[in-house]
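# Structural characterization, general
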Amino acid sequence: MPHSSAYKTVLQIAPHDSARLAAERMRNDNVGCLVIVDEDRPVGMLTDRDLMLGILHERRDPDQVTVEEIMSKPLVTIDTLASLSDASRLMRSKRIRRLPIVDDDGKLVGIQTADDVIELIGHRVSDLASGMRKGMARDDAAGVTPDSVYGKE
Amino acid sequence: MKTAQNLTKRVITIHRDAGVLEAADLMADEAVGCLVVVDDDERAVGILTDRDLVVRVLATHCPEQTFQVSQVMTQPVVSLPVDSSVEDFKEEMRTMGIRRIPAVLDGRPVGVISIDDLLQVLAGELSDLSEAAWAELRSERRAARFHRVESDLRELTQRIYGLLQYGSWRARESFLSELDELRERLGRTASGED
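Now for a quick tour of the structure. Please read these numbers as outputs of a predicted model, since none were measured by experiment.

Calculation criteria
Residues numbered from 1 in each chain as written. Chains lettered and ligands numbered in written order. Predicted model: local features only at pLDDT ≥ 70, side-chain atom pairs only at ≥ 80, totals over all residues. Heavy atoms only, no water. Helix = DSSP H or I, 4+ residues; strand = E, 2+ residues; numbered from the N terminus. Buried < 20%, exposed > 50% of the residue type's maximum accessible area, 1.4 Å probe, protein only. Contact = heavy atoms within 4.5 Å. Areas by Shrake-Rupley, 256 points an atom, 1.4 Å probe, with all protein chains shown as cover. Pairing = 2+ DSSP bridges. Lys, Arg positive; Asp, Glu negative; His and termini not counted. Salt bridge = Lys/Arg side-chain N within 4 Å of Asp/Glu carboxyl O. Polar contact = N/O pair within 3.5 Å; in protein donor to acceptor, adjacent residues only side chain to side chain. Axes fitted to C-alpha atoms, helices over the stretch in contact; angles between N-to-C directions. Core = buried A, V, L, I, M, F, W, Y, C linked by side-chain atoms within 4.5 Å. Expected span 1.5 Å × (residues − 1).

### Describing the overall build of chain A
- Counting secondary structure elements, chain A contains 6 helices and 6 strands.
- Put simply, chain A runs from its N terminus to its C terminus through helices and strands in the order β-α-β-β-α-α-β-α-β-β-α-α.
- Buried residues in chain A amount to 42% of all 153 residues.
- Partitioning the contacts of chain A with sequence separation of at least 6, the portion at a separation of at least 24 is 51%.
- For chain A, the accessible area works out to roughly 7,900 Å², and carbon and sulfur atoms hold 45% of it.

Below is the structure:
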């Protein structure tokens, strides 16, 4: 299953890092979500909404609050052998849009987002349509009618 | 022509001079990630998201209390008349590379449409077509009708592909499951299992 492993390093933050640092990282790396990693293992997830709620709405000090205090946990992950269907089903059942991908040791190797899944499914639908187009073009060229294909003649 | 009217979600507005802490409270209380910013005449002048609060306030090290919404919002805001078509909203999102567009009446926001809403419409249409394709395959005149359904499916997938070219957006669970189901059904059909 293809995933955004190229983004792995920039998406991470440590549990004891400050909320302020998380905000800076989201700005500098242009992401809306960080995976909290402890010794290479994902332990939580933090989104821009979590920061807005946990710091601004709660009136807390972003330099004093750590990421692990406001992150989402437990974390739903997926392994490297999972298929596109597994990913989309899991996202749907858990109502989440991002799945950190872990190896057999539970270490973070990448992240699968709903955007990735949509794009991949979109390619598949498009491939199907392209196959249909070719089939119809070939039938038209050969003067084949639907009835002759399905055995009515 | 399908108008966007029945697609619009309730819009939450905030005055341009309000503080960003008030904006955060409003987003929390109303469970939204986006506020449409208005002026004294209630006209839309900007748009503010939870991300804006994080990257333009929290990341700056300046005290949150010193920021007004007008300093942090994105402006000008692209908006469309509420009786515009779904296609109009889609085209605007595509050309401007944005994910949300307030729907306005006399310049005043009455709703907001996001790219998720458009995806949901497409997913519903695909799902209807997959049902139709499924049922039609089983009927006596299935071959001729299948060709018509195929051409509709072609057009729809091209529209989806067009949407996909223009940046990422948030997915909705119904779109994922509809497409997933469609893919499985079409796969079974193509391989002759059904």
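### Quick word on the overall build of chain B
- When helices and strands are tallied, chain B shows 7 helices and 6 strands.
- In chain B, the order of α-helices and β-strands from amino to carboxyl end is β-α-β-β-α-α-β-α-β-β-α-α-α.
- For chain B, with 194 residues in total, the buried portion stands at 51%.
- Pairs at least 24 apart in sequence give 59% of the contacts found in chain B among residues at least 6 apart.
- Accessible area of chain B: about 9,100 Å², with a carbon and sulfur share of 45%.

### Thoughts on the sheet that holds strand β2 (residues 33-38) of chain A
Residue and element names in this part refer to chain A.
- Spatial strand order, β1-β2-β3: 3 strands in an open sheet with mixed pairing. With one partner strand each, in any of the chains shown, β1 (12-13) and β3 (41-47) form the two edges of the open sheet.
- For β1 and β2, the ladder comprises 2 bridges, and the chain directions are parallel. The residue of β2 that forms the bridge with Ile13 is Ile36.

### A few points about the side chain of Asp116(A)
Residue and element names in this part refer to chain A.
- With respect to the helices and strands, Asp116 occurs in helix α5 (residues 114-142).
- Despite its burial, Asp116 pairs with no opposite charge; the closest candidate is Arg98, at 9.1 Å N-O.
- At a separation of 3.0 Å, a polar atom in the side chain of Asp116 contacts the main-chain amide nitrogen of Thr113.

### Considerations on the environment of Arg43(B)
Residues and elements named next belong to chain B.
- Tracing the chain through its elements places Arg43 in the loop between β2 (34-38) and β3 (44-49).
- Residue classification places Arg43 among the partly exposed residues on the basis of a relative accessible area of 35%.
- A C-alpha to C-alpha distance of 47 Å links Arg43 and Arg185, two positions 142 residues apart in sequence.
- Separated by 2.7 Å, the side chain of Arg43 and the backbone oxygen of Asp106 make a polar contact.

### Concerning unusual backbone geometry
- Looking along the chain, the bond that leaves Lys73(A) and enters Pro74(A) is cis, with omega of -5 degrees.
- Inspection of the secondary structure puts Pro74(A) in the loop between α3 (67-70) and β4 (78-79).
- At the junction of Gln75(B) and Pro76(B), the peptide bond is cis and its omega measures out at -5 degrees in the coordinates.
- Structurally, Pro76(B) is set in the loop between α3 (69-72) and β4 (80-81).
- Even without a glycine there, the phi angle at Asp40(A) is positive, about 70 degrees.
- Within the secondary structure layout, Asp40(A) lies in the loop between β2 and β3.
- One non-glycine residue, Glu42(B), adopts positive backbone phi at about 65 degrees.
- Assignment of secondary structure puts Glu42(B) in the loop between β2 and β3.

### Topic: the sheet that holds β4(B)
All names here are of chain B.
- Ordered by their spatial adjacency, 3 strands build an open sheet running β4-β5-β6, and the pairing between neighbours is mixed. Pairing within the sheet leaves two strands with one partner each, and these edge strands are β4 and β6 (108-114).
- Most of the contacts of helix α4 (residues 86-96) go to strand β5 (residues 100-105), to which it runs at about 135 degrees, and overall it touches β4, β5 and β6.

### Description of the nonpolar core
- If you look at the biggest cluster of nonpolar residues, it comprises 48 residues, and the most contacted ones within it are Leu46(A), Leu51(A), Leu35(B), Leu48(B) and Leu53(B).
- In contact with Leu53(B), other than residues within four places in its own chain, are Met52(A), Leu56(A), Val20(B), Ala24(B), Met27(B), Leu48(B), Leu58(B) and Val72(B).
- In this structure, Ile101(A), Ala114(A), Ala133(B) and Leu179(B) belong to the second largest nonpolar core, which totals 22 residues.

### Some remarks on α5(A)
All names here are of chain A.
- Here α5 contains 29 residues, and its C-alpha end-to-end distance of 42 Å stays within 8% of the 42 Å for a straight helix at 1.5 Å per residue.
- Among the residues of α5, Ala114, Asp116, Val117, Ile118, Ile121, Gly122, Val125, Ala129, Met132, Gly135, Met136 and Asp139 are the ones counted as buried.
- Once α5 finishes, Gly143 follows within two positions and takes phi at roughly 70 degrees, a positive value.

### Examining the pairing of β3(A)
Residue and element names in this part refer to chain A.
- Counting buried positions along β3 gives 5 out of 7 residues, so the element sits mostly inside the fold.
- Note that β2 and β3 share 6 bridges and pair antiparallel. Each residue of the ladder has a partner; that of Cys33, found in β3, is Thr47.
- Hairpin geometry of β2 and β3 is characterised by an intervening segment of 2 residues between the two adjacent antiparallel strands and by a positive phi of about 50 degrees at Glu39.

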